[in-house]
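# Structural characterization, general
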Amino acid sequence: MAPKLVVITGASSGIGEATAKRYGAAGAHVLLLARNAERLYGVAHAIREAGGTATAFPIDLVGSEAIKELAARIESEIGTPDLLINNAGAGRWLPLVDTTPDDARAMIDVPYLAAFNLTRAFAPSMIARRSGGIVFITSPASYLAWPNASAYIAARRALAGFAETLQAELKPTGLFVTLVVLGTVETPYWEHNPGSRQNVPKTSPWLVPTLTPEQAAQAIFDGAEQQKPFVVKPAIYRALFVMNALFPKTVASQLRRAAKKARDPVT
Ligand SMILES: NC(=O)c1ccc[n+]([C@@H]2O[C@H](COP(=O)([O-])OP(=O)(O)OC[C@H]3O[C@@H](n4cnc5c(N)ncnc54)[C@H](OP(=O)(O)O)[C@@H]3O)[C@@H](O)[C@H]2O)c1
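This section reports on the structure supplied with the text. Quick caveat: nothing in here was measured; it's all calculated off a predicted structure.

Counting residues in each nonpolar core, the largest one holds 31 residues, and the members touching the most others are Y23, L32, I85 and L182. For this core, the element with the highest residue contribution is helix α7 (residues 213-225), accounting for five residues. Dropping the residues within four chain positions of it, Y23 is found in contact with P3, V6, I8, A28, V30, L83, I85, I220, F221 and A224. Counting 30 residues, the second-largest nonpolar core is a separate cluster that includes L33, L61, I67 and I134.

Looking now at the pattern of salt bridges. What the rule picks out here adds up to seven salt bridges. We note a salt bridge from K21 to E17, for which the minimum N-O separation is 2.8 Å. Separated by four residues within a single helix, K21 and E17 lie in helix α1 (residues 14-25), roughly one turn from each other. Bridged by salt links that share partners, the residues E17, K21 and R39 form one connected network.

The next subject is α1. Between its first and last C-alpha, α1 extends 17 Å over 12 residues, near the 16 Å set by a 1.5 Å rise per residue. Of all 12 residues in α1, nine are buried; the element is thus mostly enclosed. Within α1 the residues assigned to the buried category are G14, I15, G16, E17, A18, T19, A20, Y23 and G24. Buried-residue contacts for α1 involve β1 (5-9), β2 (29-34), α2 (37-49), β4 (83-86), β6 (176-182) and α7. Residue G27 follows α1 closely and has a positive phi angle near 100 degrees.

Cut-offs used in this document
Residues numbered from 1 in each chain as written. Predicted model: local features only at pLDDT ≥ 70, side-chain atom pairs only at ≥ 80, totals over all residues. Heavy atoms only, no water. Core = buried A, V, L, I, M, F, W, Y, C linked by side-chain atoms within 4.5 Å. Buried < 20%, exposed > 50% of the residue type's maximum accessible area, 1.4 Å probe, protein only. Helix = DSSP H or I, 4+ residues; strand = E, 2+ residues; numbered from the N terminus. Contact = heavy atoms within 4.5 Å. Salt bridge = Lys/Arg side-chain N within 4 Å of Asp/Glu carboxyl O. Expected span 1.5 Å × (residues − 1).

Here's what the structure looks like:
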């Protein structure tokens, strides 16, 4: 059964937009958060046109005060969410020397601090009610390291560390926490974060298929519905994470080679 009230960050584009539509189609009231008001209202309109219920809340998720105010407004005007999906994120995959300190800081602001602040804002009433779920969307960067994405990878480790700790901490409260690890998804992310695509390690599309936003949304939906602690799509990444734990040097050398191939396909 779909949750009744779902908050989704980064709902103006890509994975968040597709996930919002998926929950809208399942009958949830979807609360859409992101900066781009026009796009957000467009997504809300599309959900309503399809027979669902959606409300857009344009917000910049950098900084804790605006988040606190919005969470209080949602709680008093609409209610406590059944599901909070921390999806908003950005970050350019660049070599260290091309990454500015501001870039590195921005990647910590969103997704990690944004997810922390929003989760922190809604958690007390979810804990008091003793039900609900918190979902985090991340990338294999939370568990693997490849060249030319150091600031992005560091920020994704922060997000996964936060999510894994909450799994342990919130277990006795009746809340569940789902960490969703998605491989490459064909979304506007790659235009929004210039220079990133050429630093995606080159793998066989047969072995590691690229996902559509709808496939990513379905994986999020199914994982949360089953209250899974850990969702990995495509599943091959599970094997890579195990291999990385057992044979870190081998995996590191494969990833170095795949990253070089991505930047310089002829070598
Ligand atoms: N695409 C992939 O291959 C892939 C794979 C694994 C994980 N992910 C992760 O999945 C998440 C969604 O990615 P996507 O592919 O859907 O990218 P996207 O199309 O670029 O969407 C990113 C979303 O985050 C929002 N956002 C960014 N900064 C924000 C801020 N300061 N305040 C509020 N909202 C903000 C954007 O909205 P506004 O610009 O309107 O604010 C947008 O809705 C990201 O965390 C990404 O790292 C992506």
